[in-house]
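Here's the letter readout for the chains.
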Amino acid sequence: GKELEKATPNVVAAYLAEFYGYTDLVVKAGLPRARAAACLADAGAVDTIVKRANIGQTAYKISGTPSFILDGKVMPGVFAWDTLEPALKTALATQ
């Protein structure tokens, strides 16, 4: 809503994590809720994520996840390990 328009990236990240259930997901996986909140409160970490997301959107036209970039190129149709692993092995073998 309107309150998020002027919010810091940390506040937005915490809101979205709660809204989409990510906080509950990591808590169920064993991360204490206080640690999850501390991660979202880390301004440097959230700023890094925002910067990387912006690069993905502008330089590579990425609009969603998962998305993978290998050797500077977006890998179309690669959404899981079973398709990512062979591409990585091929790339490593040719270096």
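About the cut-offs
Here the residue index of a chain counts from 1 through its sequence in written order. Under the rules for a predicted model, residues below a pLDDT of 70 receive no local features and side-chain atom pairs below 80 are neither given nor counted, while totals for whole chains, interfaces and linings still include all residues. In computing side-chain values, all of the structure's heavy atoms are included and hydrogens and water are not. Note on conventions: DSSP H or I runs of at least 4 residues are helices, E runs of at least 2 residues are strands, and numbering of each starts at the N terminus. Between two residues, a contact is recorded if the distance between any of their heavy atoms is within 4.5 Å. Think of it this way: a Phe, Tyr or Trp ring, Trp meaning its six-membered ring, pairs with another when their centres are within 6.5 Å, and the plane angle makes it stacked under 30 degrees, edge-to-face over 60, tilted otherwise. Three exposure classes are used, based on accessible area relative to the maximum for each residue type with a 1.4 Å probe and protein chains only: buried under 20%, partly exposed in between, and exposed over 50%. Per-residue confidence from the predictor is reported as pLDDT, which spans 0 to 100.

> Go over the side chain of T23, please, and point to the residues and values.
As for its position among the elements, T23 is in helix α3 (residues 22-28). Among residues more than four places away in sequence, those in contact with T23 are A17, E18, R33, A36 and L40.

> Help me get a handle on the packing of aromatic side chains, residues and values and all.
The full count for this structure, using the stated rule, is three aromatic pairs. Here F19 and Y20 contribute two aromatic rings whose centre-to-centre distance is 5.0 Å and whose plane-to-plane angle is 90°, an arrangement assigned as edge-to-face. Here F19 matches Y20 in class, with each residue exposed. By the ring-pair criterion, three or more aromatic residues cluster together here, those being Y15, F19, Y20 and Y22.

> Let's hear about the confidence of the model for the chain: which residues, and what values?
Where the model shows low pLDDT, its predicted coordinates should not be examined in detail. Across the chain, the average pLDDT comes to 91, with 99% of residues at 70 or higher. At the low end of the mean pLDDT range in the chain sits helix α1 (residues 2-5), at 81; at the high end sits α3, at 95.

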